[in-house]
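# Structural features, examined
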Amino acid sequence: MWTTLESEEQLAAIRHRSFDHPVVIFKHSTRCPTSGMVKSRLERSVSPEGWEFYYLDLIRYRPVSNRIAELFGVEHESPQVLLIRNGECVYDESHMAIRMEELAEMS
């Protein structure tokens, strides 16, 4: 399900691909039990067909997390999910409000 997001260069590719299909970025804190629960819940859910899903370990790659906030105009939170479409963040949610069903409704 996940493609690991490790570099700022990947963000340009994500933005570009989001013109063809929705792209989801999940910002995960490996030190946060809530983040772990949300990640597990997403993995057990049925994901929309044709979407790409990226996983960011924001402890290891904090500069990438900061760049995401800057690039897509969102406030940093953890855990956090962003839906990127046509180069822009069209939906973001955090903590226990993150649900695959809500993401799918945005299609």
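Inside soluble globular proteins, nonpolar side chains tend to come together where they are buried. If you look at the biggest cluster of nonpolar residues, it comprises 16 residues, and the most contacted ones within it are L5, I25, I68 and L82. Every element with two or more residues in this core is listed here: α1 (8-17), β2 (23-28), β3 (52-57), α3 (62-72) and β4 (80-85). In terms of residue count, α3 provides more of this core than any other element does, three residues in total. With sequence-adjacent residues up to four places away left out, I68 is seen in contact with L5, L11, I25, K27, L56, G73, V74 and L82. L42, Y55, L83 and I98 belong to the second largest nonpolar core, which has 13 residues in total.

Turning to unusual backbone geometry, a few remarks are in order. At the junction of S78 and P79, the peptide bond is cis and its omega measures out at -10 degrees in the coordinates. Note that P79 resides in the loop between α3 and β4. At N86, a residue that is not glycine, the phi angle is positive and equals roughly 55 degrees. Following the sequence through the fold, N86 ends up in the loop between β4 and β5 (88-94). Given a relative accessible area of 43%, N86 falls into the partly exposed group. Even without a glycine there, the phi angle at H95 is positive, about 55 degrees. By the secondary structure assignment, H95 is in the loop between β5 and α4 (100-105). A relative accessible area of 35% means that H95 is categorised as partly exposed.

Before going further, it helps to spend a moment on the confidence of the model for the chain. Per-residue pLDDT for the chain averages 95, and the proportion of residues at 70 or more is 100%. Mean pLDDT values over the elements of the chain span from 93, in α4, up to 98, in β4.

Conventions we followed
Residues numbered from 1 in each chain as written. Predicted model: local features only at pLDDT ≥ 70, side-chain atom pairs only at ≥ 80, totals over all residues. Heavy atoms only, no water. Core = buried A, V, L, I, M, F, W, Y, C linked by side-chain atoms within 4.5 Å. Buried < 20%, exposed > 50% of the residue type's maximum accessible area, 1.4 Å probe, protein only. Helix = DSSP H or I, 4+ residues; strand = E, 2+ residues; numbered from the N terminus. Contact = heavy atoms within 4.5 Å. pLDDT = per-residue confidence, 0-100.

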